[in-house]
Amino acid sequence: MEILKIIFYTFSLISTLSALQVILSKNPVKAVLSLVLCFFSTAILWMLCESEFLSIVLILVYVGAVMVLFLFVVMMLDIKTSSIKEGFIKYFPLGISVAFLLVFGIVYSITYNTIISCKTFSAYPENYNNVKMLGEMLFTEYLYPFELSGIILLVAMIAAISLTFRGSQKRKHQDVSDQIKVKAKDRIKLIDIKENE
Amino acid sequence: MIAISNYLTFSAMLFGISVAGIFINRKNLIVLLMCIELMLLSINTNFVIFSRSLIDVSGQIFVFFILTVAAAEAAIGLAILVILFRKLNDINTSEINKLKG
């Protein structure tokens, strides 16, 4: 019983501190690595809620693919930290106060309501299988949204490629608009050559 | 066992940190994207907690879809970041209107 509390407080502390590191660090690479740590410790908290499938998906798909993409882009770009840090001090008090008000409001409303605040998780029924339940729901009731999410990924892939694709550099190809625009004087240049020269 | 309010407080703190991050890093496009990821993570945590407490797996399916949309958003956001950097050699959000046209 107590070991669960120790795990919960340890990993929520790690997650919160690494989230702070994400927003405060000057080096973007360090920020991405802290974000990976934050996701990892949050995945452990999800595991503590007995949602095993999603916690493993968060680590494998999110940390393994999306965060690596972030890291890849951040390392590829040579970012000057001087210009992007302007306004950091200026907006610091505003940001902190807005966040504090937000967190205070949410936490107050959570703890005010004693029905929510004292409740712990009730036990799952016998032979409950999280992955099996999720799969059954996903492929029956939520089949149509599931297919739509596949289309969203396809659209994202096409958008990302078409945004960054600059065309092949070596391939020889016709440019039709250039061919139409061409005038006779671009094709041939007549030069008068004097006889004496 | 851990009370639900502890989990909810944790996720509220994560959300607040990411809101503060959006305020103080408003020039840095990469950290803005990362703050959005953090926000989505805290929302997903809320979904997981309530799904567990109500013993209803629909919440976890929503987390699944949010993860999908977040991955798509990250891919497109990073593509925009790359073309911004290619054009300006910088990622300052105040010059992002240079991408117009």
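All values reported here derive from a predicted model rather than from experimental measurement.

About the cut-offs
- Residues numbered from 1 in each chain as written.
- Chains lettered and ligands numbered in written order.
- Predicted model: local features only at pLDDT ≥ 70, side-chain atom pairs only at ≥ 80, totals over all residues.
- Helix = DSSP H or I, 4+ residues; strand = E, 2+ residues; numbered from the N terminus.
- Rg over C-alpha atoms; globule rule 2.2 N^0.38 Å.
- Buried ≥ 20, exposed ≤ 12 C-beta atoms within 10 Å, placed from the backbone.
- Contact = placed C-beta atoms within 7 Å.
- Core = buried A, V, L, I, M, F, W, Y, C linked by C-beta atoms within 7 Å.
- Domains from an automatic or database assignment.
- Nonpolar A, V, L, I, M, F, W, Y, C, P; charged D, E, K, R; others polar.

### Brief notes about the overall build of chain A
So, point 1. For chain A, the helix and strand inventory stands at 10 helices and zero strands.
So, point 2. Whereas a compact globule of 197 residues would reach a radius of gyration of roughly 16 Å, chain A reaches 29 Å, over 25% beyond that.
So, point 3. Dimensions of chain A, computed from the C-alpha atoms along their principal axes, are close to 105 × 50 × 25 Å.
So, point 4. Relative to its 197 residues, chain A shows a buried fraction of 18%.

### As for the overall build of chain B
So, point 1. On a plain count of helices and strands, chain B comes out with three helices and zero strands.
So, point 2. Counting from the amino terminus, chain B carries its helices and strands in the arrangement α-α-α.
So, point 3. For a compact globule of 101 residues, the expected C-alpha radius of gyration is about 13 Å, and chain B comes in at 17 Å, more than 25% above that figure.
So, point 4. Its C-alpha atoms give chain B principal-axis dimensions of about 55 × 25 × 15 Å.
So, point 5. Looking at chain B residue by residue over its 101 residues, the buried ones come to 53%.
So, point 6. Intrachain contacts of chain B at a sequence separation of at least 6 include 48% that bridge at least 24 residues.

### Quick notes on the nonpolar core
So, point 1. Of all hydrophobic cores here, the largest spans 61 residues; its most connected members are Leu35(A), Phe39(A), Met34(B) and Leu38(B).
So, point 2. Among the elements that make up this core, the one with the highest residue count is helix α1 (residues 4–24) of chain B (14 residues).

### A word on the domain arrangement of chain A
A common way to report how large an interface is uses the accessible area buried once the components associate.
So, point 1. If you check the domain split of chain A, you get domain 1 (1–81), domain 2 (88–122) and domain 3 (129–164).
So, point 2. Distance between the C-alpha centres of domain 1 of chain A and domain 2 of chain A: 21 Å.

### Brief notes about the interface of chain A and chain B
So, point 1. Every contact between the two is made by 73 residues of chain A and, on the other side, 60 residues of chain B.
So, point 2. At the level of secondary structure, the elements contributing two or more residues to the side of chain A that touches chain B comprise α1 (2–24), α2 (28–48), α3 (52–76), α4 (81–84), α5 (92–112), α6 (114–117), α7 (130–139) and α8 (143–164) of chain A.
So, point 3. Class assignment for the residues of the side of chain A that touches chain B results in 54 nonpolar, 14 polar and five charged.

### Some points on unusual backbone geometry
So, point 1. At Glu50(A), a position not held by glycine, the phi torsion is positive, near 60°.
So, point 2. Note that Glu50(A) resides in the loop between α2 and α3.

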